[in-house]
Amino acid sequence: FQGYLAEYYMEQQQFEKAKPLYDKVLSNEPNNPTVNLALHDYYQLKSDYQKAFFHLKKAIENPDLEVGIKTEIIGQYYKRSEINDKDAIEKGEELAKIFLAIHPKATESNALYADFLRLQNKPIEASRYYYTACMNNKQNFRIWENLLLLENQTSQYDSLQKHSNMAMELFPSAPLNYLLNGVANMQLKNYQKATTSLKDGLELVVANKSLMLDFLSTLGDAYYNLNEFSKSDKAFEDALKIDSDNT
């Protein structure tokens, strides 16, 4: 009852009436996530950010607080981190670490921790957590895209080939998967496989000249390595046409 009454006072902006009620609940249930979140809000309003963050961490540490709520809270820190808010980066990563420790197999915890690692230019480490997230939830294209792009960035071509093959099956209408599969096969000298993926993916590109240019130039290289010079020349010529249209 005291918790509900305190919540009512908070809604009515009668914060000083709410505070002692929350303190009383917390004395009996120090890990109560709902009360800790409420006290986070209270101290934020009081501009006592240290105490606010303390109670937020207590809430995130509780395994009973829904994963979706934790994801939303830490996601807000990530959005601020993307605009180089240093305080958000520091606190967001700390919360993401706690989230991962409490829910080590959750898609959301692995993906969010990977997001923060990527922001801090730790792509190889980030790719490992994106991989775990992908294996736990194979239907989230954003996570797969981040995994493949980081594997390409860090020259993990064996992994990129394997995982882009999986992504092509899961998301057959997404051209980026085919492009990165073609890139991986090129680097692994599987030129015939590269041409197959690149041709299939090129047919999926709609109104994206930059992506089409990437496909054609990579396809030209693949045909060249197969000694199919007429096809190589044609791909490069088509790429040049697109490039001249962009200038």
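This text goes with the structure placed above it.
Worth saying up front: this structure is predicted, and the values here are computed from it rather than measured.

Thresholds, definitions, all that
- Residues numbered from 1 in each chain as written.
- Predicted model: local features only at pLDDT ≥ 70, side-chain atom pairs only at ≥ 80, totals over all residues.
- Heavy atoms only, no water.
- Axes fitted to C-alpha atoms, helices over the stretch in contact; angles between N-to-C directions.
- Helix = DSSP H or I, 4+ residues; strand = E, 2+ residues; numbered from the N terminus.
- Parallel < 35°, antiparallel > 145°, perpendicular 65-115°, else oblique.
- Left-handed = near helix turned anticlockwise from the far one by under 90°.
- Contact = heavy atoms within 4.5 Å.
- Nonpolar A, V, L, I, M, F, W, Y, C, P; charged D, E, K, R; others polar.
- Salt bridge = Lys/Arg side-chain N within 4 Å of Asp/Glu carboxyl O.
- Buried < 20%, exposed > 50% of the residue type's maximum accessible area, 1.4 Å probe, protein only.
- Phe/Tyr/Trp six-rings, centres within 6.5 Å; stacked < 30°, edge-to-face > 60°.
- Lys NZ or Arg CZ within 6 Å of the ring centre and 35° of its normal.

(A) Here's a closer look at the packing of helix α7 (residues 107-119) against helix α9 (residues 141-153). One way to put it is that α7 packs onto α9 with a least axis distance of 11 Å and a crossing angle of 40°. The angle between the axes of α7 and α9 places the two elements in the oblique class. When you trace α7 past α9, the crossing you get is left-handed. Each of T107, A111, D115 and R118 in α7 lies in contact with α9, whose residues at this interface are R142, I143, N146 and L150. Taken together, the residues of the contact of α7 with α9 break down into three nonpolar, two polar and three charged.

(B) Structural detail: the pattern of salt bridges. Going through the model one piece at a time under the given rule, you end up with eight salt bridges. A salt bridge links R80 to D87; the shortest N-O distance between them is 3.9 Å. For R80, a relative accessible area of 34% corresponds to the partly exposed category. In this structure, the salt-bridge partner of K231 is E228, at a minimum N-O distance of 3.3 Å. Residue classification places K231 among the partly exposed positions, given a relative accessible area of 42%. Residues joined in a network through salt bridges with shared partners are R80, D85, D87 and K91.

(C) Structural view of the packing of aromatic side chains. Counting across every chain of the model gives five aromatic pairs. Their ring planes at 75° and their centres at 5.1 Å tell us that Y42 and Y43 sit as a pair that is edge-to-face. Taking relative accessible area as the criterion, Y42 reaches 7% and is therefore assigned buried. The interplanar angle of 80° and the centroid separation of 5.5 Å between the aromatic rings of Y78 and F116 together place this pair among those described as edge-to-face. With Y78 in helix α5 (residues 67-81) and F116 in helix α7, this pair connects stretches of sequence that are 38 residues apart. The ring of Y77 has R80 sitting right over it, with the charged end atom 5.1 Å from the ring centre. Its guanidinium or amino end placed over the ring of F53, K91 lies 5.2 Å from that ring's centre, counting from NZ or CZ.

(D) Local environment of the environment of L198. Its place among the elements puts L198 in helix α12 (residues 191-202). What makes L198 buried here is its relative accessible area of 0%. For the pair L198 and N177, spaced 21 residues apart in the sequence, the C-alpha separation amounts to 9.6 Å. The residues contacting L198, other than those within four sequence positions of it, are Y178, L179, G182, F215, T218 and L219.

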